[in-house]
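So you can see what is in the structure, the chains are spelled out below.
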Amino acid sequence: MKYDNIRNFSIIAHVDHGKSTLSDRLLEATGTIEKRNMKAQLLDRLEIERERGITIKSVPVRMDYKAADGGNYVLNLIDTPGHVDFSYEVSRSLAACEGAVLVVDAAQGVEAQTVANSYLAADLDLELIPVLNKIDLPSAHPEQVKRELEEIIGIDAGDAVPVSAKTGEGVPELLERIVRDIPAPSGDASAPLQALIFDSVYDNYRGVICYVRVVNGTLSAGQNVRFMATAQDYELTEVGVFKPEMIQVGALGPGEVGYICASIKTIDEARVGDTVTESARPAAEPLAGYKKVKPVVFCGFYPIEREDINQLREALEKLQINDSAISFEPENSAALGFGFRCGFLGLLHMEIAKERLSREFGVDLVATAPNVVYQILLTDGSVKEAHRPSDFPEQVRIEEIREPYIKLSIFMPDQFVGAAMQLCQEKRGSYSGMDYIAPERVRLTYDMPLAEFILDFHDRLKSCTRGYASLDYEHVGFRAANLVKVDVLLQEEPVDAFSFICHADQAYHRGHAVVGKLKELIPRQLFEVPVQAAVGKKVIVRMNIKAVRKDVLAKCYGGDVTRKRKLLEKQKEGKKRMKQVGHVSIPQEAFLAFMDVT
Ligand code: GTP
């Protein structure tokens with residue numbers, strides 16, 4: 001096979017601009033999938049992806065295409081997700097390509113992730129083909145969108161391809177442009193093998209399946225290969241390509257995209273970003289891998305049934321193979337028993353992981369309220385990372401608390417600027433700039449603490465801009481802030497599970513909400529229970545749960561002993577379901593409701 005007939009490309013776009021629909025049309029137009037076997041968004045394989053209409057995982061697919069010049073080409077398309085939480089998937093896929101099709105909705109114009117994804121592609125020196133999609137819509141204004149592409153992203157949009165992914169109009173022209181403009185991969189078939197692992201999935205029968213892009217040399221079944229990060233050797237049991245289902249082939253040469261299996265059992269053996277080489281003739285250097293992404297949002301996952309803890313661990317291990325951005329470590333909570341502290345790249349990432357655990361692995365779990373990661377400068381000069389409030393040392397040992405910040409870009413019609421600015425201000429944002437991207441559309445940029453952003457920023461922005469805003473953010477490091485740890489005390493005893501971190505200005509307000517909620521939910525006990533919120537030694541809120549003696553026998557007249565005994569036993573059982581903290585029994589609902597308040 002001739003490698004100059006290969007084109008490797010991704011489709012990148014803002015959410016809902018039509019990537020998946022366009023991929024469907026390309027599959028159809030190249031005859032990769034027959035029309036009668038076509039279902040919408042064929043590449044969105046996960047059940048959640050179809051239901052939510054979003055792409056989460058990148059899926060590669062190989063198409064054969066006979067171009068107008070008479071040549072037979074192999075087009076490898078790697079579909080990518082659009083949501084900001086998954087941008088690490090985008091950059092990974094892009095690293096396996098020479099070009100990218102940049103899809104912009106011609107009725108919507110350039111949005112936040114159009115810009116973010118184009119920058120990712122430009123960083124990797126990919127050839128960009130701009131596509132104006134949805135030109136069948138009467139509201140499409142392609143000329144204006146071309147100007148936006150030129151002004152905001154700085155690419156030449158003069159020859160952008162007008163397309164309707166819905167009707168198929170413009171798709172044949174796009175295929176020709178892909179062949180013409182995207183460079184063929186360069187690589188040397190006789191050089192030592194170097195193949196990049198850009199993704200992996202777990203299969204019950206075959207173990208870890210690695211998605212690879214060969215850069216130099218050849219991969220073939222039966223070959224002995226080495227994973228360079230671990231220096232472990234394996235015999236390849238299977239080599240194949242995606243059509244889009246996996247089809248075995250004899251070998252993969254330079255520039256080709258496919259998969260390999262080698263009875264690999266754990267993710268640590270086959271890391272995404274690692275280079276596969278030949279054991280007999282290893283390459284001198286691995287390929288440039290990926291930056292390891294660090295989770296920034298943490299929460300606890302606890303099985304609903306305590307005995308399911310091992311099942312949850314196994315499910316998390318398998319999910320991590322498919323989504324290496326997830327981290328987890330065991331933790332123990334007074335209220336919920338044994339579970340795991342899990343780290344994610346954002347809230348959507350967390351939600352999706354929770355749903356995948358339940359759907360793909362059948363584990364039902366309780367997720368605790370998310371918090372961000374904090375850096376704490378101690379008085380002895382060392383820096384400690386805190387993943388949960390209980391990681392915080394005592395107040396006297398803390399010199400400074402730093403929290404993660406993001407740079408937020410919001411794209412929206414200018415009529416909503418006032419409302420959006422007010423929201424950003426309220427969320428401790430600091431204004432960084434504003435510019436007009438079209439006559440009535442602006443880009444607003446703010447620096448904001450991630451903690452404020454994850455709380456409810458997205459929902460509130462949506463409602464104050466009636467859904468017309470799009471946003472993107474990047475992490476800009478840690479900044480010192482006046483943060484405090486608020487402890488909640490029952491009968492003067494702090495209860496770990498109720499502690500939370502917040503800005504000093506909000507401590508009273510949020511402390512009040514939590515104490516009020518607990519007062520409502522904790523049943524009266526035989527003695528008075530003071531509920532307090534405190535910062536360090538200083539109590540900022542106090543309420544009392546009045547004492548009561550609950551006489552369950554009060555309604556029992558007469559001497560029916562069995563009935564009395566039944567009632568007493570019932571009371572005993574009720575007590576068992578409560579959590580005993582000191583002398584106070586706390587129902588599980590209180591722990592869960594607490595998570596809604598903070
Ligand atoms: P994510 O996977 O979430 O990133 O979205 P996406 O970019 O893949 O968008 P998708 O293909 O799911 O399309 C979003 C919506 O736009 C769907 O309702 C499509 O039916 C619709 N759509 C896509 N292309 C066209 C088009 O050319 N014309 C019209 N009228 N609608 C389109």
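Remember, it's a predicted structure, so these values are computed and weren't measured experimentally.

Right, let's get into the UniProt feature "binding site: GTP" (unreviewed entry) in the protein chain. Mapped onto this numbering, the UniProt entry annotates "binding site: GTP" (unreviewed entry) at Asp16, His17, Gly18, Lys19, Ser20, Thr21, Asn133, Lys134, Ile135 and Asp136. When its relative accessible area of 11% is taken as the criterion, serine 20 is described as buried. As for its placement among the helices and strands, aspartate 136 is situated in the loop between β5 (127-133) and α5 (142-153). In contact with aspartate 136, not counting residues within four places along its chain, are Ser164, Lys166 and Thr167.

The strand order across the open sheet formed by 8 strands is β11-β10-β16-β7-β8-β15-β12-β13, and the pairing between neighbours is antiparallel. Two strands in the sheet have a free side with no partner beyond their single neighbour: β11 (232-235) and β13 (246-248). When the angles between neighbouring strand axes are averaged without regard to direction, this sheet yields 40°. Taken together, the 4 bridges between strand β10 (residues 224-227) and β11 define a ladder with antiparallel strand orientation. Bridge assignment links valine 225 to a residue of β11, and that residue is tyrosine 234. With respect to the sheet, helix α7 (residues 309-322) is in contact with β7 (194-203) and β8 (207-216), its orientation differing from that of β7 by roughly 145°.

Looking now at the packing of helix α9 (residues 417-426) against helix α10 (residues 450-464). In contact at an axis separation of 9 Å, α9 and α10 are set at 160° when each is read in the N-to-C sense. As far as their axial angle goes, α10 and α9 are roughly antiparallel. Where α9 crosses over α10, the handedness of that crossing is right-handed. The residues of α10 that touch α9, namely those facing Ala419, Ala420, Leu423, Cys424 and Glu426, are Phe457, Arg460, Leu461 and Cys464. Of the residues in the contact of α9 with α10, the class split is 7 nonpolar, no polar and 2 charged.

Our focus in this paragraph is the pattern of salt bridges. In this structure the tally under the stated criterion is 30 salt bridges. One salt bridge in this structure joins lysine 134 and aspartate 105, with 3.1 Å as the shortest N-O distance. Within this pair, whereas lysine 134 is found in the loop between β5 and α5, its partner aspartate 105 is found in strand β4 (residues 99-105), the two being separated by 29 residues in sequence. The shortest N-O distance in the salt bridge between glutamate 403 and arginine 428 comes to 2.8 Å. With glutamate 403 in strand β24 (residues 398-413) and arginine 428 in the loop between α9 and β25 (430-438), the pair connects residues that are 25 residues apart, well separated along the chain. Here glutamate 403 matches arginine 428 in class, with each residue buried. A network of salt bridges, in which partner residues are shared, links Glu329, Glu331, Arg341, Arg388 and Asp391.

Inspection of the secondary structure assignment puts aspartate 188 in the loop between α6 (171-181) and β7. Separated by 66 residues in the primary sequence, aspartate 188 and proline 254 have C-alpha atoms spaced 6.5 Å apart.

Turning to the pairing of β5, a few remarks are in order. The element β5 is largely enclosed, with a buried count of 6 among its 7 residues. Pairing between β4 and β5: 7 bridges, direction parallel. Paired with alanine 100 across the strands is leucine 128, a residue of β5. With helix α4 (residues 112-123) bridging β4 and the parallel β5, this β-α-β connection has right-handed handedness.

This paragraph deals with the confidence of the model for the protein chain. For the protein chain, the mean per-residue pLDDT works out to 84, and 85% of the residues sit at or above 70. For this predicted complex, the interface confidence comes out at an ipTM of 0.97, alongside a pTM of 0.73.

The full count for this structure, using the stated rule, is 11 aromatic pairs. Both rings, one in phenylalanine 453 and one in phenylalanine 457, keep their centres 5.5 Å apart while their planes meet at 35°; by these two values the pair is tilted. With phenylalanine 453 and phenylalanine 457 both in helix α10, this residue pair falls 4 residues apart, about one helical turn. Comparing phenylalanine 453 with phenylalanine 457 shows no difference in burial state: the two are buried. Between the aromatic rings of phenylalanine 453 and tyrosine 473, the centroid separation amounts to 4.9 Å while the plane-to-plane angle is 65°, which identifies the pairing as edge-to-face. Of this pair, phenylalanine 453 sits in helix α10 while tyrosine 473 sits in strand β27 (residues 470-481), placing them 20 residues apart in sequence. On the basis of relative accessibility, which here comes to 10%, the residue phenylalanine 453 falls in the buried class. Overall, tyrosine 473 belongs to the buried group, its relative accessible area being 9%. These aromatic residues form a ring-pair network of at least three members: Phe198, Tyr211, Phe242 and Tyr259.

On to the side chain of serine 118. Tracing the chain through its elements places serine 118 in helix α4. With a relative accessible area of 1%, serine 118 lands in the buried category.

Time to look at helix α1 (residues 19-29). Among the 11 residues in α1, 8 count as buried, and that is most of the element. Of the residues making up α1, those classed as buried are Lys19, Ser20, Leu22, Ser23, Asp24, Arg25, Leu26 and Leu27. At the exit of α1 stands glycine 31, carrying a positive phi of roughly 70°.

Criteria and cut-off values
- Within each chain, residue numbers correspond to sequence positions counted from 1 in written order.
- In keeping with the predicted nature of the model, local features appear solely for residues at pLDDT of at least 70, side-chain atom pairs appear and are counted solely at 80 or more, and the whole-chain, interface and lining totals rest on all residues.
- Based on all heavy atoms of the structure, the side-chain values leave hydrogens and waters out of the count.
- UniProt positions are given in the numbering used here, feature names are shortened, and annotations may be inferred rather than shown by experiment.
- Relative accessibility thresholds used throughout: buried, under 20% of the residue-type maximum; exposed, over 50%; partly exposed, between the two (1.4 Å probe, protein chains only).
- Per the convention used, a helix needs a DSSP run of H or I reaching at least four residues, while a strand needs a run of E reaching at least two, with both numbered from the N terminus.
- In what follows, residue pairs with any heavy atoms lying within 4.5 Å of each other are defined as contacts.
- We treat two strands as partners when DSSP finds at least two bridges between them.
- Note on definitions: angles span 0 to 180 degrees between N-to-C directions of axes, and those axes are lines fitted to C-alpha atoms, for helices only across the stretch in contact.
- Any angle between 65 and 115 degrees counts as roughly perpendicular, while under 35 counts as roughly parallel, over 145 as roughly antiparallel, and the rest as oblique.
- With the far helix as reference, a near helix turned anticlockwise by less than a right angle produces a left-handed crossing, and one turned clockwise produces a right-handed crossing.
- Gly falls in the polar group here, along with every residue not listed as nonpolar (Ala, Val, Leu, Ile, Met, Phe, Trp, Tyr, Cys, Pro) or charged (Asp, Glu, Lys, Arg).
- Salt bridge, as applied in this entry: a Lys or Arg side-chain nitrogen positioned within 4 Å of an Asp or Glu carboxyl oxygen.
- By convention a crossover is right-handed if, when the strands point away from the viewer, the path from the first strand over the helix to the second runs clockwise.
- pLDDT expresses how confident the predictor is about each individual residue, on a scale running from 0 to 100.
- Pairing of aromatic rings covers Phe, Tyr and the six-membered ring of Trp, with a centre-to-centre limit of 6.5 Å; geometry is then stacked below 30 degrees between planes, edge-to-face above 60, and tilted otherwise.

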